[in-house]
Amino acid sequence: MGMDFSTLRTLISRYCVGEENWVDSRTVYIGQKEPPPGTEAFIQQRFPDNRIVSSKYTFWNFIPKNMFEQFRRVANFYFLIIFLVQLIIDTPTSPITSGLPLFFVITVTAIKQGYEDWLRHKADNAVNQCPVHVVQHGKVVCKQSRKLRVGDVVLVKENESFPCDLILLSSSREDGTCFVTTASLDGESSHKTYYAVQDTKAYNTEEEVDTIHATIECEQPQPDLYKFVGRINIYMENEPVARPLGSENLLLRGATLKNTEYIYAVAIYTGMETKMALNYQSKSQKRSAVEKSMNAYLVVYLCILISKAVINTALKYVWQADPNRDESWYNQKTESERQRHILIRAFTDFLAFMVLFNYIIPVSMYVTVEMQKFLGSYFIMWDDEMFDEELGERAVVNTSDLNEELGQVEYVFTDKTGTLTENNMEFIECCVDGHVYVPDAICNGQVMPGAATMDMIDTSPGPEAREHEELFFRALCLCHTVQVKEEETVDGIKHGIHQGKSTSFYISSSPDEVALVEGMKRLGFTYLRLKDGQMEILNREDEIERFELLEVLTFDSVRRRMSVIVRAGTGELYLFCKGADSSIFPRVISGKVEQVRARVEHNAVEGLRTLCVAYRPLSPEQYEQVCHLLSGAKLALQDRDKQLAEAYDLIEKDLILLGATAVEDRLQEKAADTIESLHKAGMKVWVLTGDKMETAAATCYASKLFHRNTQILELTTKRTEEQSLHDVLFDLSRTVLRQHGGMTRDTYSGLSSDCTDYGLIIDGATLSAVMRPTQEDSNSGNYKEIFLEICRNCSAVLCCRMAPLQKAQIVKLIKTSKEHPITLAIGDGANDVSMILEAHVGIGIMGKEGRQAVRNSDYAIPKFKHLKKMLLVHGHYYYIRISELVQYFFYKNVCFIFPQFLYQFFCGFSQQPLYDTAYLTLYNISFTSLPILLYSLIEQHINMDILKKDPTLYRDIAKNSLLRWPIFIYWTVLGVYDAIVMFFGAYFLFDNTTFTSNGQMFGNWTFGTLVFTVLVFTVTFKLALDTHYWTWINHFVIWGSLIFFVVFSLLWGGIIWPFLNYQRMYYVFMQMLSSGPAWLSIILLITASLLPDVVKKVLWRALWPTTTERIQNADKLYKGQLSEFTPLASLHAPPKASSHRRGSETQRNVQNPQRSDTFTKKLMFTRWQRTPDYCTFTPLLRFADGSRNPRQGHTYNGAGTETSV
């Protein structure tokens, strides 16, 4: 049977839903029309509809799926088992004691998660029900977006978003182009040009479009935004004409149509197959490091519990080996009990002990933690310092589960455009032949401040220089791809070109170009329009000059320059070229190179984006040659890009240098200050951007991510073309490790002068090669490891030309590296969503680029500067609070249950409870729960201003330092000690049986109540000792809890309750309080329990204080005014190697304030000396040190220059 199985498989897979991945390409029938008979087989493939789904649950699967997720938590599953055991066998305590808290936890969590998912459903429905215009049978029909199908022809009007991925067929513009902004996809708010298919661009009405007969063959959907391969077969008189399709024909879902009245396009990828949807990560449940620690501790306590139950069960049978003890005369066994097998009896006893001791596992801790996270998240939302008046927005919390994770961040991954920068370009200056021109330096005849040292336009020397200057201005007015849009109001602001004339403004694929053209306008040369191949300029004399545009040699990232060839009105031919200094200077043969180079370097250091401008006059013969070269390259089908690059290389040579420009992408307010604070706090900041390398690097310098002395290491396509990737990686690795002698950045002192600061720049293409190495190379396996090693030793990393999914890959690479650091991603566009979802904590910025990032983030803030307070203050507080909450819960439950364990040795292991059922149930729910909940909401161990001023305090809590095993063991041992003191203290103080003065006997319930009273007071006082920040609420809750316990006990034992089947507690509490020895023992035992902890604290603070404790002591000494006038560095413990890593850089950068950051030098002086003594803080040092001689080597790491104290 000679049939080809591959053909059969293709046919089957095309017909079968869900088997789409068998076919490596898809055929789309435009307008759902069949091709003419005899051309090819008509096989309609199945494609998904245009529905987008970001929600996690449906109405039907919510309960089972949510229950499954909740019972995956160790504690919840454990309490379910205990609850079932209590229902099945006869146990010492009631099933309600564990069933009720469990039900409460599960319900609260389910409601919270259900509400969050309902919000996601709402957002999805808004998108899916959006109206879309579709051409059907020559008419435009309105459909819901979700009903759109592959092959439908769609009409999109100006300022509308594309509902799915489309191929452009025709547009309202004659040349068949349209302009698009892709801000929500790759963060770039500039206008990009897309092209219609040549053969269909003339079809401009619904009727005409409906007559198009064509099929499109293209690849199956893939996430790369910048890549697309396909072809269109157009049937003219039944003869198909094939035309190639590329990414310039593909309009992506989420992008917006601009400056074009309408377009017709055909849908090729819909719904979850669009490139935007493929770049989304699925939303997985994020869990914080604290929750993982809690689960680990829970397992330890579970082991303690099981071992207690096993010991007691074994000892019970040892005790009962004596027949007199096994069956006393007053407690005879039944016949069925005697006949039961010993193993079954032992197992039942084991379970009964498990239930009796089960309170050592605190179920209420999970309720308290949930409430603490939920209520605590409101403090971020209510924070007035994180309110932005310009946007009218506050910070938003989408997930309260990760509050404490904000205090543990080690890596910050940030987007650039719109996150670090405002995405507004501003023309600063230009330099022609060494003369600097600043727009608006002369205004109404007045020289403006700062302009005195500049060369003014009016004072340009000599006629030749004047000619050069005008040529420079004309070059910038002509060498660009800017569009002019007439009569437009944007956000109610009119963009005018010339006062009194028709208003219009510039748009371009590059915001830099717009800034340059607008800068020229301010210097007297206005670009008017491009009409019929003629570029029109309005010069200083208000005359219109026309230049015929002959060729545009477009910009590309390898050449890093662009050129135009124009013919002036006088007939002269010019080639104008502008580009990066590194690509222009080598091609220049004359001009004032040195003066211009000096100015370019000066501006680059200031973080400005610089471009050089040059020209070359062409003779008609030279122009003929150029035309011949270009047309040959443009028509090539094979290696077209390569041939064009060679042609451009031959044309752009022998240039004459005119000058250079400087443009600033304004940094967001306080962006540099925020990055510097994050560095001081021990975090590593990476910038991940889709932007060009030069642009991104300039921003990194301006935002103080890179410093002047940072040695830049490049891992880019340009370098890997010269050397193999393997060699480049090993070179960089050697460079970094030679300097650091094999030590990672974190262990190396940043203060030593010979330490070089490294910054790494990597681009998307090279990253792909590192992540997906070739199989033949024997060393390929460890590329990732080498790359990570290089990154660890760099103080800052810049990744440019990143696709959205690559951003997520980088975050994942760091997240899963062997140290498992906590990562945070922050961005403002849809292109940042995948990295926001991948990082441990995702933060969205409410920028200009849509709301996608904000919707998918865990937290949203109005501006980048708010990140500083969010991490250094809120994150710090949340972590301190929750770590105390967790340790305290385990501690108070050990104190609670260990006496119960000891009691079994005195009651014949009969599972007799020490405490009454009411006490067992209410201990965690009401007697001790509110004080710790309140502590975990409002505790501030250090003043907020101090935390902001001294970021290095953040290092004290890094790497989950407050939930480490030694601290956990200390709390547990403290709990066991307190329990032993309480139990044996009560036992020995009342060794004799007479208890009260009237000779009444001392019963077991009185003994249990005495132990319980001491217990409640001890654990509450322990929390009071740990509280640093007292408010009336603390006092009310702490003392109120103790009063409530006393009142409850009096009521519970003071009345005969009719609904109880026992009255064992009647009058017990009153009788106990009527005895003098009981009062004495309560006071003695509470003191004895708390004493060791108090002594330990006092000794530790006196002998080995932490930085935090030094600052607390100083703050008390100066009555809370410390933050106003104290240099915090003077309070630091002797600096560890890493704690002032960036100190020397701060010092070196003070003399060079960035243009974007208005730099204010601060002077501080101490209040406590007669004469102001700047930057010498002897009193505080003496206090911090305990000696009169100030310690050497302290550095003040504040705003000014570092001074040794």
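None of these values were measured; they are calculated from a predicted model. (Residues numbered from 1 in each chain as written. Predicted model: local features only at pLDDT ≥ 70, side-chain atom pairs only at ≥ 80, totals over all residues. Heavy atoms only, no water.)

### A word on the overall build of the chain
Counting its secondary structure elements, the chain contains 40 helices and 38 strands. Counting only residues that meet the buried cut, the chain has 53% of its 1205 residues in that class. Long-range contacts, defined here as pairs at least 24 residues apart, represent 72% of the contacts in the chain between residues at least 6 apart. Here the chain has roughly 53,500 Å² of accessible surface; of this, 58% comes from carbon and sulfur atoms. (Helix = DSSP H or I, 4+ residues; strand = E, 2+ residues; numbered from the N terminus. Buried < 20%, exposed > 50% of the residue type's maximum accessible area, 1.4 Å probe, protein only. Contact = heavy atoms within 4.5 Å. Areas by Shrake-Rupley, 256 points an atom, 1.4 Å probe, with all protein chains shown as cover.)

### Focus on the sheet that holds strand S1 (residues 25-29)
Spatial strand order, S1-S8-S9-S10: 4 strands in an open sheet with antiparallel pairing. Among the strands making up the open sheet, the edge pair consists of S1 and strand S10 (239-245). The average undirected angle you get between the axes of adjacent strands in this sheet is 20°. (Pairing = 2+ DSSP bridges. Axes fitted to C-alpha atoms, helices over the stretch in contact; angles between N-to-C directions.)

### A word on the side chain of threonine 274
By the element assignment, threonine 274 lies in the loop between strand S13 (262-269) and helix H7 (275-278). There is a polar contact of 3.0 Å between the side chain of threonine 274 and the backbone oxygen of glycine 271. The residues touching threonine 274, leaving out its near neighbours within four places in the chain, are Cys164, Asp165, Arg253 and Tyr269. (Polar contact = N/O pair within 3.5 Å; in protein donor to acceptor, adjacent residues only side chain to side chain.)

### A closer look at the UniProt feature "binding site: Mg(2+)" (unreviewed entry) in the chain
Here, UniProt's "binding site: Mg(2+)" (unreviewed entry) annotation points to Asp415, Thr417, Asp828 and Asp832. With the annotated positions falling across 418 residues, the maximum pairwise C-alpha distance of 10.9 Å places them together in a single cluster. Position of threonine 417 among the secondary structure elements: in the loop between strand S15 (411-414) and strand S16 (421-432). We classify threonine 417 as buried; its relative accessible area is 7%. With respect to the element layout, aspartate 828 can be found in the loop between strand S36 (823-827) and helix H26 (833-838). Owing to a relative accessible area of 1%, aspartate 828 belongs among the buried residues under this scheme. (UniProt positions renumbered as here; feature names shortened; annotations may be inferred.)

### What about the packing of aromatic side chains?
Under the definition given, this model contains 63 aromatic pairs. Note on tyrosine 301 and phenylalanine 968: the rings are 5.7 Å apart at their centroids and 50° apart in plane angle, and the pair reads as tilted. One end of the pair, tyrosine 301, is in helix H8 (residues 289-319); the other, phenylalanine 968, is in helix H32 (residues 965-989), with 667 residues separating them in the sequence. For tyrosine 301, a relative accessible area of 1% puts it in the buried group. Relative to tryptophan 971, the ring of tyrosine 891 has its centre 5.6 Å away and its plane inclined at 75°; by these criteria the two rings are edge-to-face. Residue tyrosine 891 is located in helix H28 (residues 866-904), and its partner tryptophan 971 is located in helix H32; the two are separated by 80 residues in the primary sequence. We note lysine 1096 situated over the ring of tryptophan 1100; from NZ or CZ to the ring centre the distance is 5.4 Å. (Phe/Tyr/Trp six-rings, centres within 6.5 Å; stacked < 30°, edge-to-face > 60°. Lys NZ or Arg CZ within 6 Å of the ring centre and 35° of its normal.)

### Topic: the environment of arginine 772
With respect to the secondary-structure elements, arginine 772 resides in the loop between helix H23 (764-771) and helix H24 (783-792). A residue is classified by how much of its surface remains accessible, and arginine 772, at 64% relative accessible area, is exposed. Taking the C-alpha atoms as reference points, arginine 772 and lysine 784, 12 residues apart in sequence, are found 9.0 Å from one another.

### Describing the sheet that holds strand S4 (residues 153-157)
Taken in spatial order, the 6 strands make up an open sheet running S3-S2-S4-S13-S5-S11, and their pairing is antiparallel. Here the strands that pair on one side only, and so sit at the sheet edges, are strand S3 (139-144) and strand S11 (250-251). Bridge count between strand S2 (residues 131-136) and S4: 3 bridges; the pairing is antiparallel. Looking at S4, one finds that histidine 133 is bridged to leucine 155.

### Remarks on the nonpolar core
The biggest cluster of nonpolar side chains holds 92 residues, and the ones touching the most others in it are Met365, Phe896, Tyr915, Tyr919, Phe1012 and Leu1015. Per element, the largest residue contribution to this core is 17 residues, and it comes from H28. Built from parts of two domains, this core gets at least three residues from each of domain 1 (51-129) and domain 3 (363-375 + 874-1118). Among all residues touching tyrosine 915, those that are not within four sequence positions of it are Cys895, Phe896, Pro899, Gln900, Leu920, Trp1005, Gly1008, Val1011, Phe1012 and Leu1015. If you look at the next biggest cluster of nonpolar residues, it comprises 47 residues, including Leu155, Cys178, Leu245 and Ala255. (Core = buried A, V, L, I, M, F, W, Y, C linked by side-chain atoms within 4.5 Å. Domains from an automatic or database assignment.)

### Some words on the UniProt feature "transmembrane region" (unreviewed entry) in the chain
The sites that UniProt annotates as "transmembrane region" (unreviewed entry) are residues 71-89, 296-319, 350-369, 918-938, 968-990, 1002-1024, 1036-1060 and 1066-1091. The span residues 350-369 is 75% helix and 0% strand, and its two end C-alpha atoms sit 31 Å from each other.

### Notes on the environment of asparagine 831
Along the chain, asparagine 831 falls in the loop between S36 and H26. Under the relative-accessibility criterion, asparagine 831 is labelled buried at 3%. Sequence separation between asparagine 831 and tyrosine 280 is 551 residues; the distance between their C-alpha atoms is 8.8 Å.

### What to know about the packing of H23 against helix H25 (residues 804-815)
Where H23 meets H25, the axes come as close as 11 Å, and the angle between the chain directions of the two elements is 50°. As far as their axial angle goes, H25 and H23 are oblique. Considering how the two elements wind past one another, H23 and H25 form a crossing that is left-handed. Facing Gly764, Leu767, Ser768 and Met771 of H23, the residues of H25 in contact are Gln806, Gln809, Ile810 and Leu813. Looking at the contact of H23 with H25, its residues break down into 4 nonpolar, 4 polar and no charged. (Parallel < 35°, antiparallel > 145°, perpendicular 65-115°, else oblique. Left-handed = near helix turned anticlockwise from the far one by under 90°. Nonpolar A, V, L, I, M, F, W, Y, C, P; charged D, E, K, R; others polar.)

### Looking at the pairing of strand S25 (residues 534-538)
Across the 5 residues of S25, 4 count as buried, placing the element largely inside the fold. The antiparallel hairpin formed by strand S24 (residues 526-531) and S25 contains 2 residues in its connecting segment, where aspartate 532 sits at a positive phi of about 50°. As defined by bridge partners, S25 adjoins strand S26 (residues 544-553) across 5 bridges and the pair is classed as antiparallel. Residue pairing in the sheet places methionine 535 in a bridge with phenylalanine 547 of S26. Taking the residues that link successive antiparallel strands as the turn, the S25-S26 hairpin has 5 residues, and the phi of aspartate 542 there is positive, at about 60°.

### Points about the state of the cysteines
The full count for this structure, using the stated rule, is 0 disulfides. With no disulfide of its own, cysteine 577 has cysteine 479 as its nearest cysteine by sulfur position, at a separation of 6.4 Å. (Disulfide = S-S within 2.5 Å.)

### Let's talk about the pattern of salt bridges
Counted under the stated rule, the structure contains 44 salt bridges. Between glutamate 69 and lysine 56 there is a salt bridge, and its shortest N-O distance comes to 3.6 Å. Of this pair, glutamate 69 sits in helix H2 (residues 62-71) while lysine 56 sits in the loop between S1 and H2, placing them 13 residues apart in sequence. For the salt bridge of arginine 734 with aspartate 731, the shortest nitrogen-to-oxygen distance reads 2.6 Å. (Salt bridge = Lys/Arg side-chain N within 4 Å of Asp/Glu carboxyl O.)

### Section: a nonpolar patch on the surface
Taken together, the side chains of Trp1030, Trp1039, Ile1043, Val1047, Leu1051 and Ile1055 present a nonpolar region at the surface, about 530 Å² in accessible area. By the secondary structure assignment, leucine 1051 is in helix H34 (residues 1032-1054). (Patch = residues over 30% accessible without salt bridge, like charges linked within 9 Å, V, L, I, M, F, W, Y side chains within 5 Å.)

### Regarding the packing of helix H4 (residues 96-128) against helix H12 (residues 363-381)
At a minimum axis distance of 9 Å, the contact between H4 and H12 shows a crossing angle of 30°. Taken together, the axis directions place H4 and H12 in an arrangement best described as roughly parallel. Both H4 and H12 take part in a crossing whose hand is left-handed. On the side of H4, the interface is formed by Pro101, Phe104, Val105, Thr109 and Lys112, while H12 contributes Val363, Val367 and Glu370. Considered class by class, the residues forming the contact of H4 with H12 number 5 nonpolar, 1 polar and 2 charged.

### Notes on helix H14 (residues 511-522)
Here H14 spans 17 Å end to end across 12 residues, near enough to the 16 Å set by a 1.5 Å rise per residue. Along H14, the residues classified as buried are Asp512, Glu513, Val514, Ala515, Leu516, Val517, Gly519 and Met520. A positive backbone phi angle near 110° is found at glycine 524, which sits one or two residues after H14. (Expected span 1.5 Å × (residues − 1).)

### Details of unusual backbone geometry
Where the residue is not glycine, phi is negative for most of them; where a peptide bond is considered, it is trans in most cases. Here the phi dihedral of asparagine 159 falls at roughly 70°; this positive angle occurs in a residue that is not glycine. Along the chain, asparagine 159 falls in the loop between S4 and strand S5 (165-171). Here asparagine 159 falls in the partly exposed class, since its relative accessible area comes to 47%. Phi angles above zero are rare outside glycine, and glutamine 911 is one such case at about 60°. Tracing the sequence through the fold places glutamine 911 in the loop between H28 and helix H29 (917-927).

### Some points on the pairing of S36
Counting buried residues along S36, 5 of its 5 residues qualify, which places the element largely inside the surrounding structure. Alternating positions in S36 separate into two faces, Thr823, Ala825 and Gly827 on one and Leu824 and Ile826 on the other, with burial throughout. Two elements, S15 and S36, share 4 bridges in a ladder whose sense is parallel. By the bridge assignment, valine 412 is partnered in S36 with leucine 824. One ladder, built from 4 bridges, connects S36 with strand S37 (residues 841-845); its direction is parallel. Along S37, the bridge assignment pairs glycine 827 with glycine 844. Crossover connection from S36 via H26 to parallel S37: handedness right-handed. (Right-handed = clockwise from strand over helix to strand, strands pointing away.)

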